[in-house]
Amino acid sequence: MISMKKVQKHFGDLHVLKDVDLEVPTGQVVVVLGPSGSGKSTLCRTINRLEPIDEGEIWIDGQILPSEGKALAALRADVGMVFQSFNLFAHKTILQNVTLAPIKVRGKSKADAEKRGMELLERVGIASQRDKYPAQLSGGQQQRVAIARSLAMEPKVMLFDVPTSALDPEMVNEVLDVMVSLAKEGMTMLVVTHEMGFARKAADRVIFMADGAIVEDDDPETFFTQPKSERARDFLGKILGH
Ligand SMILES: Nc1ncnc2c1ncn2[C@@H]1O[C@H](COP(=O)(O)OP(=O)(O)O)[C@@H](O)[C@H]1O
Ligand SMILES: [Mg+2]
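Just so we're clear, the structure is a prediction, and the values are computed from it rather than from any experiment.

K.L.:
Could you give me a rundown of the site of ligand 1, with the residues and numbers involved?
P.N.:
The immediate surroundings of ligand 1 are formed by F11, L14, V16, P35, S36, G37, S38, G39, K40, S41 and T42. A distance of 3.2 Å separates an oxygen atom of ligand 1 from a polar backbone atom of S38. In the environment of ligand 1, an oxygen atom lies 2.7 Å from a nitrogen or oxygen atom belonging to the side chain of K40. Those elements that place two or more of their residues in the shell around ligand 1 are strand 2 (14-24) and helix 1 (40-47).

Structure (structure tokens):
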């Protein structure tokens, strides 16, 4: 579903993605771990071309990433992305947040978009908030709306970049629960997270990045119990040390 081949990305002199090769089959859940600055966000952002790459190729569902125009818009619609900051439209209601893109980009009727939007809000446990504005919701609720909004586009792939990092601790699980259920339903997911419980529970595979390269690529059990590299051992020691 996602295929990255020898991807290189620089920011000026900084080489942020070094020869990245990554194949994610349909339905797989990949958790991306790594220290701050290792290139995790950049990796996500290249997959829906929020960042262009310098060399290499990225394919989504058998199609090479287009660089612009309608083809790019269509591809972006297939790749949902949820960020640390919820990025909801502040002046739109919760339901409008979820129906806007399906109407504008997918060409759905308002009635169809609202029907599907309500199903998705139901699914993330937030249907009763449909007429409120984002600022009236808690962070956990807003992030669940952001997930519903992405799902409303019927994406083939969902990318999550530290989706629970901006949340108060008591709200983390309500968002992770939605992600776990998506994973169980077979969504192809790439998830940058510091939530090791989620990685152990939901990941089919863990990728560890350091200095822009994929250093380890293993099943979660193997990664957490027998990390191969010094970098990964050091990282795990720091995050699991408390
Ligand atoms: N738009 C940008 N311009 C310049 N440097 C950037 C930009 N975005 C990220 N970087 C740099 O690229 C490296 C990787 O960043 P990032 O992908 O955000 O890492 P991570 O998400 O793993 O913390 C860091 O050194 C960061 O400072
Ligand atoms: Mg990041």
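K.L.:
A description of the packing of helix 3 (residues 94-104) against helix 5 (residues 139-151) should follow, citing residues and the corresponding values.
P.N.:
A pair of packed helices is characterised by two quantities: the angle between their axes and the separation of those axes. Running from N to C, helix 3 and helix 5 point in directions that differ by 25°, and their axes come no closer than 8 Å. By the angle between their axes, helix 3 is roughly parallel relative to helix 5. The two elements helix 3 and helix 5 cross, and the hand of that crossing is right-handed. Touching I94, N97 and V98 of helix 3 are V145, A148 and R149, all from helix 5. By residue class, the composition of the contact of helix 3 with helix 5 is four nonpolar, one polar and one charged.

K.L.:
Describe in detail the side chain of T99, supporting the description with residues and values.
P.N.:
Topologically, T99 is positioned in helix 3. T99 gets classed as buried once you look at its relative accessible area, which sits at 5%. In this view, T99 contacts A113 and E114; residues no more than four positions away in its chain are not counted.

The rules we used
- Residues numbered from 1 in each chain as written.
- Chains lettered and ligands numbered in written order.
- Predicted model: local features only at pLDDT ≥ 70, side-chain atom pairs only at ≥ 80, totals over all residues.
- Heavy atoms only, no water.
- Near = heavy atom within 4 Å.
- Polar contact = N/O pair within 3.5 Å; in protein donor to acceptor, adjacent residues only side chain to side chain.
- Helix = DSSP H or I, 4+ residues; strand = E, 2+ residues; numbered from the N terminus.
- Axes fitted to C-alpha atoms, helices over the stretch in contact; angles between N-to-C directions.
- Parallel < 35°, antiparallel > 145°, perpendicular 65-115°, else oblique.
- Left-handed = near helix turned anticlockwise from the far one by under 90°.
- Contact = heavy atoms within 4.5 Å.
- Nonpolar A, V, L, I, M, F, W, Y, C, P; charged D, E, K, R; others polar.
- Buried < 20%, exposed > 50% of the residue type's maximum accessible area, 1.4 Å probe, protein only.

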